[in-house]
Amino acid sequence: ESLVRTFTPFYFLVEPLDVLAVRGAAVIMNCSAQCEPPPRIEWRKDGSFLNLVSDDRRQLLPDGSLLINSVVHSKHHKPDEGYYQCVATVDSLGTIVSRTAKLTVAGK
């Protein structure tokens, strides 16, 4: 019986949804993944990983969601608008990638 490899469930509980943000306001992109051991969560924007370690505006919340403290948006500088994906990794199992969620900043 011990030869049967148990399947370890590894899946998203919550995936990010498209969101309309307001310039200067906070916004949360929701993400949460379930596994034992707990997955490492990272975020990609427009295909590139965000470095949240030294980011004073964006932070990873304990559940895996992404908080943007103050959305920046001007005519020539739109660092927050774009396409986001949540990436969950468990070293022994691999990586799962969430649906793509679009963040749009509302025009004033």
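Residues numbered from 1 in each chain as written. Predicted model: local features only at pLDDT ≥ 70, side-chain atom pairs only at ≥ 80, totals over all residues. Heavy atoms only, no water.

Re the pattern of salt bridges
Our working rule: Any Lys or Arg side-chain nitrogen found within 4 Å of a carboxyl oxygen on Asp or Glu counts as a salt bridge. Helix and strand labels come from DSSP, where a helix needs a run of H or I of at least four residues and a strand needs a run of E of at least two; each type is numbered from the N terminus. Remark: exposure states derive from per-residue accessible area (1.4 Å probe, protein chains only) relative to the maximum for the residue type, with buried under 20%, exposed over 50%, and partly exposed in between.
Taken as a whole and assessed by the stated rule, the structure comprises six salt bridges. A salt bridge links Arg99 to Asp18, with the shortest nitrogen-to-oxygen separation between them at 3.9 Å. Note that Arg99 is positioned in the loop between strand E10 (94–97) and strand E11 (101–105) and Asp18 in the loop between strand E1 (11–14) and strand E2 (19–21), a separation of 81 residues in sequence. Take Arg99: its relative accessible area is 36%, and that puts it in the partly exposed class. Residues Asp46 and Lys45 are paired through a salt bridge, measuring 2.9 Å at the closest nitrogen-oxygen approach. Given the relative accessible area of 44%, Asp46 is considered partly exposed.

Section: the environment of Lys45
Note the cut-off: The contact criterion used throughout is that any non-hydrogen atoms of two residues lie within 4.5 Å. Polar contact is defined as a pair of N or O atoms within 3.5 Å, subject to the rule that within protein one atom must be able to donate a hydrogen and the other to accept it, and that residues adjacent in sequence are counted only when both atoms are side-chain atoms.
Locating Lys45 in the fold gives a position in strand E5 (residues 40–45). In this structure, the C-alpha to C-alpha distance between Lys45 and Met29, residues 16 residues apart in sequence, is 11 Å. If sequence neighbours within four positions are ignored, Lys45 has contacts with Leu50, Arg58, Pro79, Asp80, Glu81, Gly82, Tyr83 and Tyr84. At 2.9 Å, the side chain of Lys45 and the side chain of Asp46 are in polar contact. At 3.1 Å, the side chain of Lys45 forms a polar contact with the backbone oxygen of Glu81.

A word on the sheet that holds strand E8 (residues 66–68)
Test applied: For two strands to count as paired, DSSP must find a minimum of two bridges between them. Convention adopted: a line fitted to C-alpha atoms gives each axis, helices being fitted over their contacting stretch, and angles between N-to-C directions are expressed from 0 to 180 degrees.
Within the open sheet, the three strands sit side by side as E3-E8-E7. Their pairing is antiparallel. Strand pairing shows two members of the sheet lacking a second neighbour, strand E3 (27–29) and strand E7 (58–60), which therefore form its edges. Strand-to-strand, the axes of this sheet are offset by a mean angle of 20 degrees, without reference to chain direction. Bridge analysis of E3 against E8 gives three bridges, and the strand direction is antiparallel.

A closer look at the state of the cysteines
Formally: The criterion for a disulfide is a pair of cysteine sulfur atoms lying within 2.5 Å.
With the rule as written, the count across this model stands at one disulfide. Disulfide pairing is shown between Cys31 and Cys86; the S-S distance is 1.9 Å. Since a negative S-S torsion denotes a left-handed disulfide, the Cys31-Cys86 link at about -70 degrees is left-handed. Of the two residues, Cys31 sits in the loop between E3 and strand E4 (32–34) while Cys86 sits in strand E9 (residues 82–90), which places them 55 residues apart along the sequence. The two residues Cys31 and Cys86 agree in class, both being buried. Cys31 provides the cysteine sulfur closest to Cys35, a residue in no disulfide bond, and the two sulfurs are 13 Å apart. Residue class for Cys35 comes out buried when judged on its relative accessible area of 4%.

Note that every value here comes from positions in space, so none of it alone points to a role or purpose.
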